[in-house]
Every structure is written in structure tokens, then in C-alpha cells.
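One-letter residues, chain by chain:
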Amino acid sequence: MTATTADERGTGELTHRQIMTILAGLLLGMFLAALDQTIVSTAIRTIADELQGLDAQAWVTTAYLITSTIATPLYGKLGDIYGRKKLFLFAITVFVIGSLLCSFAESMYGLAGYRAIQGVGAGGLMSLALAIIGDIVPPRERAKYQAYFLAVFGTSSVLGPVIGGFFAGHDSILGITGWRWVFLVNVPIGLFALLVVTRTLKLDHQRLDLKVDWWGAAALIVGLVPLLTVAEQGRTWGWGSGRSIACFVVGALGVALFVVAEWRMKDAALIPLRIFKNRAVSVTIIGSVVIGLAMFGGMMMLPLYMQIVHGASPMQSGLMMLPMVGGMMLASIVSGQITARKGIVRPFPIIGATLLTIGLFLLSTISADTRLWVVMLMMFVTGVGLGNSMQPLILIVQNAVSPREIGVATSSATFFRQMGGTIGVAVFLSLLFSTVGGNIQSALSAEASSPQFRQAVGQALQDPQIRSDQAAYDLVQGLADPQGHASGLGQVDKDSSVINRLPDTLAHPFQQGFADSMAQVFLVAGFIAILGLLVLLMMPPIELRQQSAMQARAADSAAAGAAAGAAAGAAATTGGGAAAIGTAAQDEHAERASDAGAAGTGSGGEGVGAEPARADGPRHAAPDEDVRQHGALDDACRTGAAVSAGHLLDEVSENDPRGDGYQPKHAAKE
């Protein structure tokens, strides 16, 4: 059975097989965006070296981040107006074109421009996929299917570094430079996703008669471009520099204009302000910002910890993320099954925020000597917390709004979570690199006086392998003579890979300094997670709907059709009753006229039983009085027919799933 067949039944209900078929295309689209981010972040250092633009590599990330973040609410609103399938296909197409262009880049700034095109497509892949699931699956069942999305997210976080490390580690594959395959790999996946979505995704959409909020979109661009730019570049520029302050001022002005534009556009706004009056929506969005801030900041630190402190390669660090990914997937599956069976969803984000807080505080105790299995156990706890937080919050916000606004609600939650993550990454990286220098100096001071350390420095200065590695040799000279070769020590925060090329004894204080700074980041993230937990505790009771958005629209159409049919039937009944009354009135009038004629004949003759005419008037009413009597009878009959039609409409409205508690005050009785 196809989705079209289900729609032809008029119920909007799809079978499990149909949903899984549609889900395959959605997962492919989401996999494109999720995998691309992790692959590129792994290979970006190699790409920057090849294109001789290491100082410009941050712009490659910033360009993608800006366009994908701004595009997210646009896709949500346009999907509600014009339908989501066309926009999802458009997003995949733009993403594939951007990927193809990136593979031909000849400079870092050119790559940044092509990544901006990629971001336009990526902004719709995540939010539209979640909104489409909201269209075809009821909220209570939706949690089971959303677990697949989280599985894709987790899988990409493991596969991305592995694939990225593989491509970046090869000079050439099939005659093409290895790093270019980082982007080319998206092309066949994207084309396959286009084919699957085109063939399987059948959505019945009724276009909404709303204007497109272009003024809001323009104000959002003015606000977010400088704010996202300074979030990425502020550490390099200096947070108090003139460029940073200018970005803050322009960004604040743009955000203020955006709020004004949304207030004026009302229901047509990109993010209608009235949805924040819904307590479930406002709590979810605020919670998404805070949880996103803690989540992205924490997840970003773990691969760095594995690579710098434990000497793992990018590929190995990706595999080391498996405990966290496993915890996320396990929690998502369990919470989804419980939600589908019991209909409860409110406790899961609260449980998730609690476990996330515990996991982050546990990670704040790590050091350079912490056993790897202990760190992985902490990561598993953190992953379970994230798995209970991410999808339930999306489900709650989708359930809290009208089925016609699922796109806006989903994109808004995704948008604010991305903003929280961007802020988290900027803040935590600044915290890391502002404290790592002092922590390394403290660790060096603690170990420099030991005989083993001084002996290791002397041996390293004579080691031919160290002497052939200029960066490592400069660092060892800095350890031997901190006053004369201080610049060698200052290069560690710019290229940490040199630490792994030192002897273990010399590398340990540097690893401890980085571990201490990362522990501080996890500690701050833990306190932020507590704030998120306090916000989520204000979540009101949630009752999940039993219908998907498609089913709700089908029910509305059926109810409207039934009401229209009942009204037409009542009108026909009223017309027939009036005709019958008119015929009966004419017959009675004729009969009375006949009687009056017979009475006149009797009075003129001498028949038996004849009653003579009286002087005070005729025995029957005058003709004009007779008309008035029968006109009143006709009006009464018409009124009765109208009342009967009202009763019929009340009976029909009892089956109208309006959800407002309406009950008719009277019902037709036989």
C-alpha cells in the first residue's frame, strides 16, 4: 500500500510500512547534514594546509553556521504555507550543489562562500524532516520514530571523524585530492535521497493564505550575521575590540527590529510571538537554548580531550564517542516506547536534564591520569541525559501548537537550540584557551623540580627525532630555558599536536594543563544544565494528541463536509414543507368557498334545513382574515423546519473534533 492509497481513504492515516518508507528518505536527508558537519570539522586542518589559508579556516565554519541558522525558521514558515515536500527537495538539491562546488574550491575564502550555499540547504534538512514526521505520525506514536533521527545524529558523530580522517589522510583517491572527497561523498547520498523522497513522500497539503514575512527575514539576517560572526571570531579579535563591539551593537539592533516585525505580522510572522503565550512552548524553547548551550559545549570538548590528553587520532576519537552515542540511542528508544504505550512525555526532559547535569559534573573531575574506561562511563551517563532531552522537547512543542503550525514550532525549537549551541561553543572555547596557559604553567611548576623531568628534558635535547621536528625541539628548548625560549611554550595553544610528539614525561604537564581547563568547562556546563533543569521543572502537564496533523486535517474536512450536507438537507426539507402547506391552504380555501356558495343557495330557496341569512354578517371569516390566518400557519411551519435543521447540525457537530469541550445543549428527540 502506498501513502497515496491511505490519503484516498480520506483518513490521513498511514501504515507502519508506509511511515518507514517515508522515513528512509527523511533520514537520508538528515544524515547528509549531520555527517557533513563532523567530516568537515575533522578534515578542516588538512584542507586549510592544502589551500594555504590556516588563518581563514574559521570563516569556513562561520559561513555555514550563519546561513543554516537563518534558513531554519524560513523553511519552517514556508513549509506551513506552501507544503514541506517541495521545500525538502529544494533543500537537498541546494545542499548537493553546494557540496559539489566545495569540491572545486581553490582558496579558503572561496570554500567559505560555497559552504554558505551548503548551509542554505542544511537549514531545511533537520527541521523539515522533524516537521514531516509531525505531519504523518500522531504525537503519542511519534516518539518511537524520532528515535531513528537521534540514531542518525549519533551515528554521524562516530562515522564523521572516521570518514573525514580517512579522506584527509590520503593524498589522492581515484585521481582526485583526498580532502575533496569530504564534499564529493555528499553527492551520491544526496541524489539517492532525492530519488527516495520523490517516490515515497506523499503529503496532502492545503496552502495557507498568509503573506511571507520578508521584513522579518531581513531583520533576522541583520541581527544574526554580526552576532554569529562575533561568536566565531570574537576570541581571535578580542571580545572588547572595536569590531566585536560593532557586531554586538548591529546585532542587537537587528534583533530589536525582528521583534517589531514579528509583532506587526502577527500570524504571518516567521516566529509568531503569540506562541510564547503557550507555557509549554515557552518553557520548551527556553529549555532548548539552555540544554543546547550545555550539550554542544560539552560534546565539543570530549573529542579534544581524547586527542590532546590521550593522544587519539581524529578517527580514534570518533570511535571513542561510542559510549555517549550508545547512551543517547538507548535513552531515546526507551523513552519513545514508554511514551507510545503510556502517553507520558513530561518526565523525560526533566530526567534527561538531571542525568546531563550529573554527567557533566562527573566529567569536571577528569585529569590527564583518569582511566579511559572511567571517562567513557561518564560519557554514557551524559549521553543518556541527552537522549532523554532532545527528542521529547521537539515532541512537546509540536503537540502544543495547532497541526497547521507544526513547521513553525519545530523550526523555532531547532533554531533556538542551534543558537544556544553556538553561544556555548563560543563561550567554552574562550574559557578553554583563556585558562589553558595558566594551567600548563602550574603543571610545569609542579613537575619541573623533579629529577625525572629534568633528565627527560636533557635526553630530548639530544634525541635526533626531536631535533628534526622544529616545533617539538622549540618546545623542549623552552622547557630547558623558559626565559630564553618562551616563544616555544606559547605555541602549544595554536598547534596542540606537538604534545603527542614529545616523550611521555614531558608531555604530561601539558596534557594536565589542558585537562584542567576542560574540567573547568565541564563544571560551567554542569551549572548551566542545572539552570535548564529548573526551567524544565516549570513544564505544565502534557496530554498528547491521538491524531497526526494529516489525520486532524482529514477529520476537519470530513466534519465540514458533513455540516454542509446537513445544511443542504435541512434547506430542502424546509422548501418541501412550505410547498405542502401552501397546497393544503389552497384546498381548504376552495372548500370554504364552496361551503359559502352552498349556504347562499340555501338561503335563497326553500329547501329543508336551510338557515336564513343573518343581518349581522356572514357565518365564515372574511377572505383577508383567512389569508392572515394561513400566513401565520406558514410562518410557524417554516420556523419549525429551521429549528429541526438546527437540531440536525448540533448532532453533526458532536462528531466534530474541535477539542474545545463543546457539547450541544439540546438534541433531536423522536
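Residues numbered from 1 in each chain as written. Predicted model: local features only at pLDDT ≥ 70, side-chain atom pairs only at ≥ 80, totals over all residues. Heavy atoms only, no water.

A. Summary view of the overall build of the protein chain. Of the regular secondary structure elements, the protein chain holds 23 helices and two strands. Here the protein chain, with 670 residues, has 50% of them falling under the buried criterion. Partitioning the contacts of the protein chain with sequence separation of at least 6, the portion at a separation of at least 24 is 80%. Here the protein chain has roughly 31000 Å² of accessible surface; of this, 62% comes from carbon and sulfur atoms. (Helix = DSSP H or I, 4+ residues; strand = E, 2+ residues; numbered from the N terminus. Buried < 20%, exposed > 50% of the residue type's maximum accessible area, 1.4 Å probe, protein only. Contact = heavy atoms within 4.5 Å. Areas by Shrake-Rupley, 256 points an atom, 1.4 Å probe, with all protein chains shown as cover.)

B. The confidence of the model for the protein chain, seen in detail. Considering every residue of the protein chain, the mean pLDDT works out to 76; 76% of them sit at 70 or more. With pLDDT under 50 throughout, residues 1-10 is counted as low confidence; its partners more than four residues away or in other chains account for 21 contacts. Note on residues 593-670: pLDDT is under 50 here. Beyond four places in sequence and across chains, it has 37 contacts. (pLDDT = per-residue confidence, 0-100.)

C. Highlighting the packing of helix 5 (residues 108-136) against helix 15 (residues 372-400). Contact pair helix 5 / helix 15: the axes reach a minimum separation of 11 Å and the direction vectors enclose 55 degrees. Between helix 5 and helix 15, the interaxial angle falls into the category oblique. As for the relative orientation of helix 5 and helix 15, their crossing is right-handed in sense. For the pair helix 5 and helix 15, the contacting residues are L130, A131 and G134 in the first and Q391, I394 and Q398 in the second. Its residues assigned to classes, the contact of helix 5 with helix 15 comprises three nonpolar, three polar and no charged. (Axes fitted to C-alpha atoms, helices over the stretch in contact; angles between N-to-C directions. Parallel < 35°, antiparallel > 145°, perpendicular 65-115°, else oblique. Left-handed = near helix turned anticlockwise from the far one by under 90°. Nonpolar A, V, L, I, M, F, W, Y, C, P; charged D, E, K, R; others polar.)

D. Summary view of the pattern of salt bridges. What the rule picks out here adds up to two salt bridges. One salt bridge in this structure joins D36 and R115, with 2.5 Å as the shortest N-O distance. Residue D36 is located in helix 2 (residues 16-50), and its partner R115 is located in helix 5; the two are separated by 79 residues in the primary sequence. Look at D36 and you get buried, because its relative accessible area is 0%. The exposure class assigned to R115 is buried, which follows from its relative accessible area of 4%. Of the charged contacts, one joins E106 and R180 as a salt bridge, the two residues approaching to 3.9 Å between their closest N and O atoms. Note that E106 is positioned in the loop between helix 4 (84-102) and helix 5 and R180 in the loop between strand 2 (176-177) and helix 7 (181-184), a separation of 74 residues in sequence. (Salt bridge = Lys/Arg side-chain N within 4 Å of Asp/Glu carboxyl O.)

E. Spotlight on the nonpolar core. Counting 91 residues, the largest nonpolar core has F88, I92, L111 and F149 as its most contacted members. Examining the composition of this core, we find that 18 residues originate from one element, helix 2, more than from any other. Those residues in contact with F149 that sit more than four places away from it in its chain are L23, L26, L27, M30, A129, L130 and I133. Core analysis: the second largest hydrophobic core is formed by 75 residues, M328, V345, M379 and I440 among them. (Core = buried A, V, L, I, M, F, W, Y, C linked by side-chain atoms within 4.5 Å.)

F. Highlighting the environment of S367. Turning to its location among the elements, S367 is positioned in the loop between helix 14 (347-363) and helix 15. If sequence neighbours within four positions are ignored, S367 has contacts with Y305, V309, Q512 and A515.

G. Local environment of the packing of aromatic side chains. Overall, the coordinates contain five aromatic pairs when judged by the stated rule. Relative to F416, the ring of F276 has its centre 6.3 Å away and its plane inclined at 85 degrees; by these criteria the two rings are edge-to-face. Of the two residues, F276 sits in the loop between helix 10 (242-265) and helix 11 (279-308) while F416 sits in helix 16 (residues 406-447), which places them 140 residues apart along the sequence. Here F276 falls in the partly exposed class, since its relative accessible area comes to 30%. A centroid spacing of 5.1 Å and a plane angle of 75 degrees characterise the contact between F415 and F416, whose relative ring orientation is edge-to-face. An aromatic cluster is present here, built from F276, F415 and F416 joined pairwise through their rings. R115 extends its terminal NZ or CZ atom over the ring of Y64, reaching a point 4.1 Å from the ring centre. Directly above the ring of W263 sits K266, whose terminal nitrogen or CZ lies 5.6 Å from the centroid. (Phe/Tyr/Trp six-rings, centres within 6.5 Å; stacked < 30°, edge-to-face > 60°. Lys NZ or Arg CZ within 6 Å of the ring centre and 35° of its normal.)

H. Region of interest: unusual backbone geometry. Backbone geometry at L174 places phi at a positive 55 degrees, although glycine is not the residue there. Among the structural elements, L174 can be located in the loop between strand 1 (172-173) and strand 2.

I. Examining the environment of I423 more closely. With respect to the secondary-structure elements, I423 resides in helix 16. Taking the C-alpha atoms as reference, I423 lies 8.4 Å from L228; in sequence the two are 195 residues apart.

J. Fine view of helix 8 (residues 186-200). With 15 residues, helix 8 should cover 21 Å at 1.5 Å per step; its first-to-last C-alpha distance of 21 Å lies within 8% of that length. Taken together, the buried positions of helix 8 are occupied by N186, V187, I189, G190, A193, L194, V196, V197 and T200. (Expected span 1.5 Å × (residues − 1).)

K. Focus on the side chain of T200. Along the polypeptide, T200 turns up in helix 8. Among the polar contacts listed, one links the side chain of T200 to the backbone oxygen of V196, at a separation of 2.7 Å. (Polar contact = N/O pair within 3.5 Å; in protein donor to acceptor, adjacent residues only side chain to side chain.)

L. Spatial organisation of the environment of A261. Position of A261 among the secondary structure elements: in helix 10. Of the residues examined, A261 reaches a relative accessible area of 12% and is grouped as buried. On a C-alpha basis, the gap between A261 and D213 in space is 8.2 Å, while along the polypeptide they are 48 residues apart. Residues within four places of A261 in sequence aside, it is in contact with W215 and G216.

M. Just the packing of helix 5 against helix 16, in detail. For the pair helix 5 and helix 16, the least separation of the axes is 9 Å and the interaxial angle reads 140 degrees. Here helix 5 lies oblique to helix 16, going by the angle between them. Handedness of the crossing formed by helix 5 with helix 16: right-handed. Contact residues: helix 5 offers S127, L130, A131, G134 and D135, while helix 16 offers I406, G407, T410, S411 and T414. Of the residues that constitute the contact of helix 5 with helix 16, the class distribution is three nonpolar, six polar and one charged.

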